[in-house]
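Secondary and tertiary structure notes
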Amino acid sequence: MQMWSSERGVIFRRKLHMKQYLEELSILFGRTVNVEEIGDPKDLDAVLGAYKFWDFSSQETEIEFNDLQSDRFRGLIQKLHAANPSEVHIATPRTRDCGKSPSLPITDVNFAFDFFLFREACISFITADMEDRLRLELLWPDDRDEKGAAIITNGKNWAGLSY
């Protein structure tokens, strides 16, 4: 019996995660994202197979979480946009169950989000042309009780750009 790979399993997981997924996307988009804007999860495997950024090296930097609000981080976002102005789709751990997000310019992403919104600690911003990716990995407080973030860039245009 193929319980979770069945159509019913897909529908169940989508219903289970959709509310939180829409909440996350709405915060990152800075506007309400509706379920009608989300792609069908059945189409996601074809999209995932098209990613071209896997073939490129990456740059990784760890920063304090609050630095996502800094002029320096905004400068990185501007450099990424200049290197590849293609809009980005946002991927969280719920994307596979819920479907592809709508797209927006990376310069329009609201990076002023609550650290604890993303319990799974990973958000990717993937260009619509599938050439580049910015990945944020949220780092839980350490012994100094500071929240952090790892900024990882890779792809044809973004691999050489770092914080």
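Note that this is a predicted model, so its numbers are computed, not measured. (Residues numbered from 1 in each chain as written. Predicted model: local features only at pLDDT ≥ 70, side-chain atom pairs only at ≥ 80, totals over all residues. Heavy atoms only, no water.)

For the rest of this paragraph, the subject is the environment of Ile-123. Within the secondary structure, Ile-123 sits in strand β4 (residues 122-127). We classify Ile-123 as buried; its relative accessible area is 0%. (Helix = DSSP H or I, 4+ residues; strand = E, 2+ residues; numbered from the N terminus. Buried < 20%, exposed > 50% of the residue type's maximum accessible area, 1.4 Å probe, protein only.)

With that settled, consider the nonpolar core. Within the largest apolar cluster, 37 residues are counted, with the highest numbers of intra-cluster contacts made by Ile-106, Phe-111, Phe-113, Phe-125 and Leu-134. Going through the elements one at a time, α1 (7-29), α3 (71-83), β2 (88-91), β4, β5 (132-139) and β6 (148-155) are the ones with two or more residues in this core. If we skip the residues at most four places from it in the chain, Phe-125 touches Val-88, His-89, Ile-90, Ile-106, Val-109, Phe-111, Asp-132, Arg-133, Leu-134, Leu-136 and Trp-158. (Core = buried A, V, L, I, M, F, W, Y, C linked by side-chain atoms within 4.5 Å. Contact = heavy atoms within 4.5 Å.)

This brings us to the pattern of salt bridges. Applying the stated criterion across every chain yields a total of five salt bridges. Put simply, Arg-13 and Asp-97 hold a salt bridge, and the shortest N to O gap is 3.1 Å. Residue Arg-13 is found in helix α1, and its partner Asp-97 is found in helix α4 (residues 95-98); the two are separated by 84 residues along the sequence. On the basis of relative accessibility, which here comes to 22%, the residue Arg-13 falls in the partly exposed class. (Salt bridge = Lys/Arg side-chain N within 4 Å of Asp/Glu carboxyl O.)

A few words now on the side chain of Thr-95. Within the element layout of this structure, Thr-95 appears in helix α4. A relative accessible area of 8% means that Thr-95 is categorised as buried. Engagement of the side chain of Thr-95 in a polar contact is seen with the backbone nitrogen of Thr-92, the distance being 2.8 Å. Those residues within four positions of Thr-95 in sequence are excluded, and the remaining contacts are Tyr-21, Leu-44, Ile-90 and Lys-100. (Polar contact = N/O pair within 3.5 Å; in protein donor to acceptor, adjacent residues only side chain to side chain.)

A sheet is described by the order of its strands in space; here six strands give the open sequence β1-β6-β5-β4-β2-β3, paired in antiparallel fashion. With partners counted over all chains shown, the strands left at the sheet margins are β1 (58-64) and β3 (103-104), one partner each. With two bridges connecting them, β2 and β3 associate as antiparallel partners. Residue pairing across strands places Val-88 opposite Leu-104, the latter belonging to β3. Relative to the sheet, α1 contacts β2, β3 and β4, its axis offset from that of β2 by approximately 140 degrees. (Pairing = 2+ DSSP bridges. Axes fitted to C-alpha atoms, helices over the stretch in contact; angles between N-to-C directions.)

What follows concerns the side chain of His-89. Residue position: His-89 is located in strand β2. Separated by 2.7 Å, the side chain of His-89 and the backbone oxygen of Ser-101 make a polar contact.

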